[in-house]
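Next come the chains, spelled out residue by residue.
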Amino acid sequence: MRVALVGADFEENLGVGMIAAATARAGHSVRVRTFNYPDESDSLARDLSRDAPDVVGLSIQFQHRAAEFLGLARALRAHGYRGHVTVGGQWPTLAWRELLSEPNAVDSVVLHEGEDSFPELLDALASARRPHDVPGLALRAGDGTPVRTAARALVGDLDRLPFPTRYRPHARHLGIPFIPILGSRGCWGSCSYCSITSFYRDARSYGGGKTLRERSPENVAQEMALLWQAGGGAGIFCFHDDNFLRPRPSDTLARLRAIRESLSELGVREQVGIVGKARPDCITPELAKAMRELGVIRLYVGVENASQQGADHLGRKTQALRVHEALGSCREAGIFVCYNLLLFEPDATIAHVKENVAFIRDHASHPVNFCRAEPYFGTPLHLGLAARGAVEGSHLGYSYRIADDPTEVLFRVCAAAFRQRNFEPAGVANRNMGLGYSLKIVEHYYEDPRHKLESLARRTEDLTRSISLETARFLESAIDLVERLSPHDPDRLARETVLLGLRIAEADRRQHAALDSLYADMNRFAEEANRPPPPRPSRRLAQIAQGLALSASLALWGSACNGCGPQRTPDPTGNVNPPPPDPVPPPTMPPPDPVPPPTQVMPPDPVPPPTFPPPDPVPPPTQVMPVDPPPPPTFPPPDPVPPPTRVMPVDPPPPPTRPPVVDPVPSPHKSIPKASLAIIDKWTDTSAPDVARSADLPLADPPQITLTRARERADGATEVTLAGGPEALSIRWRSAGRIEGTGRVVRWWPASITDSLRVAVRSEGGVAIASLRAREVHGEPPPEAGT
């Protein structure tokens, strides 16, 4: 059978790679295709229909992209594809009944772990047998009723599975291959918002088996050694295990030492760094120190909520004191840590939010992002809210109202004011999370004969603390705004939210300039520094590679991929890596380039992210579509004193007259310079944008806007268009440079390469803030550490 597997690829998609490897081992021909953005749907569907594989497998790992993938399936049929379309991943596994109850283009769902079920489905289709006889599937019965086939247990021995197909070259972070890998599956936690634990609990109740399983240290080390050698004798191994650490520190240490010893036996003794995710209650000072000595350079620590009551509401079962101790232990050991706060949850109060703000201040050296816990389909959070009639939406995305009215209003204020800082792929929060990690890379992999690292480390610490403390101050301003103003004065609340959002946007401009400078210096350091020459492969490693016949998947990357790999800057629906499972003010976020649990059928995305649910969030307002950008102009010295800008007051309610509307430029994601893929962390908003908020509180229906730009004019101005939102909008533009115009279309002369154009808009339903950096306009992407 000829098979096409389609998934997101903001980072290597381990889930798709695992299904591809199992498919190839079963004797079928497989190609991997990338689907990162909604506007790729038609062209991808046309290509697949032309190629006409027997089966198309769609990896829908996360709920917030479900509508996009189902739209791709419909586009396939519209272009004449007549083969079998199957889907897999966390969301379709949990929502199989709802998915198959609707008339759509999907023929089957591969449930839970797909390495056995998917090849057996292919065998059945190839021999004209009924797929209904294959265990581990969901499909429609003869009368159209959704049914599940016989149960299939979770994979017991992970070592029997083939190594994932590496269908494209690894990304490089500061010149070092970044290699996603998975050493275990499952989680012992019971967090109410987590779709991962819900997925495994459902698998256990359906087919049985252990939810927490590990590959042997020898098996993990073999894959690491082969990838290390293929990558030139160096690698950053990002473990996408649901929990990289075991519950008992002594067990974690024994396992890490066993992997390290196996690597040494294979000739891998240096140039190995490890990244993982961990619960804070698994970390002790002694373990943190030992992990650093064994090569751990970065941990995503699941703080989630620093208020004890907030953590209890989310089912975290972690004492707040242990959270403080975990971050302190990693800092002392020299392990870079970042974290996400699910600041808003159904029973949150402003008092709980204040506790979290105090935590941010106490740990300002650790980058943070924050969001709302989202009710992903089938999670205890979703089911609990549904049981009390407190959830709105559909299986494609749910939302809810926080029980405490002032806290719900605070969430709405933060969702507008912090949206770009927290969830723009190249926003300040994402870039800040990559900063300390980049420092660890240069410390771990490069020599420092000229003693430049001390200065880089000091600047990194200062900038990270500056951004964290600034975020805390802005949160305190939002709290003050809500506590001062009555929710029954929506006009004043909207005006002050606009002013707060513009202050945050101006602060982002300054922080971006500092981030640009520091990232550029780190890149320069890596380019000029020395690294040890790659070692010769050990005889044993060469024998293992030959025995596993890995040349196709390790040495000839891309042979199984047509159009693979991230080629544009990711939008907020891209996520990543499944880091924090839930998003934020733009609710919930996932960590950097979320990588789906490797067993999900044609799985993934990262990802981000950390960390929400539903369909198609509006593209970040700052992503711009460069149209044949002209050569960048010469700018005056950065940051001149801002001249007065022309502004349209935003205070009065929007006029009923129709403002000038321009044809929106096609997707703002197209044609972004390739170098802008350098963003390392990509937390994204996975909230359900199409679910209405209750109208009895302010900011119930904020406008969804984006900025697009046209070709630079002969006089040096750039024409910028505000697209989206209702017809009636009040608009306020700001910049240090010169602006002409006050409506939806303005001409902008940036004052410097560090300048930005900010806009605040107000409709009857709410407010939105967007910005555009001069660097983007002139085709100069930020000097990030990844490639």
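Our structure is the block above this text.
Residues numbered from 1 in each chain as written. Predicted model: local features only at pLDDT ≥ 70, side-chain atom pairs only at ≥ 80, totals over all residues. Heavy atoms only, no water.

A. Up close: the packing of aromatic side chains. As enumerated under the stated definition, the model contains 8 aromatic pairs in all. Ring centres of Phe199 and Tyr200 lie 5.1 Å apart, and the angle between their planes is 85°; this geometry places the pair in the edge-to-face category. Between Arg148 and the ring centre of Tyr206, over which it is positioned, the NZ or CZ distance is 4.0 Å. Here Arg298 stacks its cationic end above the ring of Tyr437, 4.7 Å away from the centre of that ring. (Phe/Tyr/Trp six-rings, centres within 6.5 Å; stacked < 30°, edge-to-face > 60°. Lys NZ or Arg CZ within 6 Å of the ring centre and 35° of its normal.)

B. Structural context of the pairing of strand β1 (residues 2–7). Within β1, 5 of the 6 residues are buried, which leaves it mostly tucked inside the rest of the structure. As judged from the 6 bridges shared by β1 and strand β2 (residues 29–34), these two strands associate in the parallel manner. Residue pairing for β2: Val3 is matched across the bridge by Val30. Once the chain exits β1 it traverses helix α1 (residues 14–25) before rejoining the sheet at β2, and the crossover so formed is right-handed. With 4 bridges connecting them, β1 and strand β3 (residues 55–59) associate as parallel partners. Following the sheet pairing, Leu5 is matched in β3 by Gly57. (Buried < 20%, exposed > 50% of the residue type's maximum accessible area, 1.4 Å probe, protein only. Helix = DSSP H or I, 4+ residues; strand = E, 2+ residues; numbered from the N terminus. Pairing = 2+ DSSP bridges. Right-handed = clockwise from strand over helix to strand, strands pointing away.)

C. How the structure looks around the sheet that holds strand β24 (residues 756–763). Spatial ordering of the open sheet is given by β21-β24-β25, a layout of 3 strands whose pairing is antiparallel. Lying at the two open borders of the sheet, with one neighbouring strand each, are β21 (730–734) and β25 (766–773). Direction aside, the axes of adjacent strands within the sheet are offset by 15° on average. Bridge analysis of β21 against β24 gives 5 bridges, and the strand direction is antiparallel. (Axes fitted to C-alpha atoms, helices over the stretch in contact; angles between N-to-C directions.)

D. Region of the structure containing the environment of Ile297. Within the secondary structure layout, Ile297 lies in strand β14 (residues 296–301). The exposure class of Ile297 is buried, given its relative accessible area of 0%. Along the backbone, Ile297 and Gly436 are 139 residues apart, and their C-alpha atoms lie at a distance of 10.0 Å. Discounting residues that sit within four places of it in the chain, Ile297 has contacts with Ile236, Ile274, Val275, Arg292, Ile335, Phe336, Tyr437, Lys440 and His444. (Contact = heavy atoms within 4.5 Å.)

E. Seen up close, helix α2 (residues 41–51). Of all the positions in α2, only Ser41, Leu44, Ala45, Leu48 and Ser49 are classed as buried. Seen from one end, α2 has its buried residues packed into an arc of 130°, which puts them on one side. Buried-residue contacts for α2 involve β1, β2, β3 and α3 (66–78). Among the residues trailing α2, Ala52 stands out with phi positive, at a value near 55°. (Arc of directions from axis to C-beta.)

Keep in mind that these numbers describe shape and distance, not what the molecule does.
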